[in-house]
Protein chains: 2
Amino acid sequence: MRDAYHEELDSISDGLVELARLVGSAMGRATTALLDADLALAESVIAADEKVNNLHHELENRAIDLLARQQPVATDLRIVVTSLRMSADLERCGDLARHVAKVARLRYPETAVPNDLHPIVLEMGQLAQRLVAKAGLVISTKDVDAALELERDDDAIDALHRELFSHLLDDRWQHGIETAVDVTLVGRYYERFADHAVSVAKRVVFLVTGEHADGFTQEPVAAE
Amino acid sequence: MRDAYHEELDSISDGLVELARLVGSAMGRATTALLDADLALAESVIAADEKVNNLHHELENRAIDLLARQQPVATDLRIVVTSLRMSADLERCGDLARHVAKVARLRYPETAVPNDLHPIVLEMGQLAQRLVAKAGLVISTKDVDAALELERDDDAIDALHRELFSHLLDDRWQHGIETAVDVTLVGRYYERFADHAVSVAKRVVFLVTGEHADGFTQEPVAAE
């Protein structure tokens, strides 16, 4: 079964890389839409999520089909099951990009994020995009060292998230409750997006090394 | 393969029912801890999540082992793959209960939720607990009608969530930003918990009927 099987597996892996590319692009554009109050861009991100969902379903069906036809065992089986999970992680990243775009749309023509928080949110968006780009690379290269790098990037997002909260909880906050709610949710969307990207990389590490640092969990270490 | 296979599958299904019971109980206790500012109860919910994670991993491993040994195809294969997803949904419910408990712990000895919002949050907590209890029932009975009921309960949670937001965004809000942030996050935790419970029920419907209303998705319809 080796050849046909591995060709199909490579093709699923290529699909996952494409999925990572799509959701990274979506989060980048959602961040721009959020900070620029760009309604058309927000709408395009929201609409494009269907493409992500379709690819996710296609990859799921191909993986299940592969299980049925090739009946892999041991490592081969783990790879297919893991690809199902990675597809789910990436699909969820697409949802979170869509959520950010929806906040942008909701507040248009205002910007949901006050000017003084733009640098933090911009950096969270850029880091999130980079994290999922690296996750895509890790899927295609199986590079364990690169995978471990994602943990550091995720720490950087967590630090920005804490910084966002310190602004929110500062007595001098003067942007009102609605903006506080928006910023709270947006911050969580970026954090969850990053968690799912890290989760993808961890799954690759586990496949390659057979070891997992903090549990081969279906969900990444949850955002607190 | 029929007998051994179906016995093992039943045992996984029993495990999923137990998982649903554990996370329902956790969310009930987390809600009490939140509203009563009960630190000991909050701590116990946080500690008990490990049991949920362990059971989740055990069920995952048993499902993968079953795939490897029995090599099911067609519907049987779908059932095992779906059980992996249901376990992930329920594990995530456990995380969300833990998140609620952590908010309670963070604000102790204060209560994170102001008194005037207690009835709404209490009802969200009760509905969330009921939703996952019904999801557990649906897993064991494969009752499609009961599964469809969950959608209605989820609508009720969404309505409460909107009510929570209308309080947050009311000009007369006087509980400050920190409480607004807490309430925003807690509201989202209940909503996501409910989404995952609904997702479990939908997966059962799909297995039984072969039809899915809005996509056989890995993630439920996302909270907006």
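Residues numbered from 1 in each chain as written. Chains lettered and ligands numbered in written order. Predicted model: local features only at pLDDT ≥ 70, side-chain atom pairs only at ≥ 80, totals over all residues. Heavy atoms only, no water.

Peer 1: Could you give an account of the relation of the copies chain A and chain B, naming the residues involved and the relevant values?
Peer 2: Least-squares fitting of chain A to chain B yields an RMSD of 0.0 Å, with the superposition described by an axial translation of 0.0 Å and a rotation of 180 degrees. What we have between these two chains is a two-fold relation. (Least-squares fit on C-alpha atoms with pLDDT ≥ 70 in both.)

Peer 1: Describe in detail the packing of helix H5 (residues 144-168) of chain A against helix H6 (residues 176-209) of chain A, supporting the description with residues and values.
Peer 2: In a pair of packed helices, the angle between the axes and the distance between the axes together describe the arrangement. Residues and elements named next belong to chain A. Following both chains from N to C, one finds H5 and H6 inclined at 165 degrees, their axes separated by 9 Å at the closest point. Comparing their axes, H6 and H5 come out roughly antiparallel. Seen from above, H5 lies across H6 with left-handed handedness. Here the contact of H5 with H6 is composed, by residue class, of 16 nonpolar, four polar and seven charged. (Axes fitted to C-alpha atoms, helices over the stretch in contact; angles between N-to-C directions. Helix = DSSP H or I, 4+ residues; strand = E, 2+ residues; numbered from the N terminus. Parallel < 35°, antiparallel > 145°, perpendicular 65-115°, else oblique. Left-handed = near helix turned anticlockwise from the far one by under 90°. Nonpolar A, V, L, I, M, F, W, Y, C, P; charged D, E, K, R; others polar.)

Peer 1: Help me get a handle on the environment of Gly 28 of chain A, residues and values and all.
Peer 2: Residue placement: Gly 28 of chain A occurs in helix H1 (residues 2-36). Among the residues examined, Gly 28 of chain A registers a relative accessible area of 14% and is labelled buried. (Buried < 20%, exposed > 50% of the residue type's maximum accessible area, 1.4 Å probe, protein only.)

Peer 1: So what's going on with the interface of chain A and chain B? Which residues, and what values?
Peer 2: Each side of the interface is counted separately: chain A has 43 residues, and chain B has 44 residues. Overall, the association of chain A and chain B removes approximately 3,800 Å² of surface from exposure, summing both partners, and the carbon and sulfur fraction of that is 61%. One can count two salt bridges joining chain A with chain B. Residues Glu 60 of chain A and Arg 85 of chain B are paired through a salt bridge, measuring 2.7 Å at the closest nitrogen-oxygen approach. At the boundary of chain A with chain B, the tally comes to five residue pairs in polar contact (both at pLDDT 80 or more). Of all the secondary-structure elements, those providing two or more residues to the side of chain A that touches chain B are helix H2 (39-70), helix H3 (74-107), H5 and H6 of chain A. Here the element with the most residues in the side of chain A that touches chain B is H3 of chain A; it accounts for 12 residues. (Contact = heavy atoms within 4.5 Å. Buried area = accessible area lost by both parts, 1.4 Å probe. Salt bridge = Lys/Arg side-chain N within 4 Å of Asp/Glu carboxyl O. Polar contact = N/O pair within 3.5 Å; in protein donor to acceptor, adjacent residues only side chain to side chain.)

Peer 1: Lay out H3 of chain A in plain terms, naming residues and giving numbers.
Peer 2: The terminal C-alpha atoms of H3 of chain A lie 51 Å apart, and with 34 residues this matches the ideal 50 Å at 1.5 Å per residue to within 8%. With 26 of its 34 residues buried, H3 of chain A lies for the most part within the structure. (Expected span 1.5 Å × (residues − 1).)

Peer 1: Residues and numbers for the UniProt feature "domain: PhoU" (unreviewed entry) in chain A, please.
Peer 2: Residue and element names in this part refer to chain A. The sites that carry the UniProt feature "domain: PhoU" (unreviewed entry) are, in the present numbering, residues 17-103 and 121-204. Within the segment residues 17-103, helix and strand shares are 94% and 0% respectively, and the terminal C-alpha atoms sit 27 Å apart. Helix makes up 89% of residues 121-204 and strand 0%, with an end-to-end C-alpha separation of 29 Å. (UniProt positions renumbered as here; feature names shortened; annotations may be inferred.)

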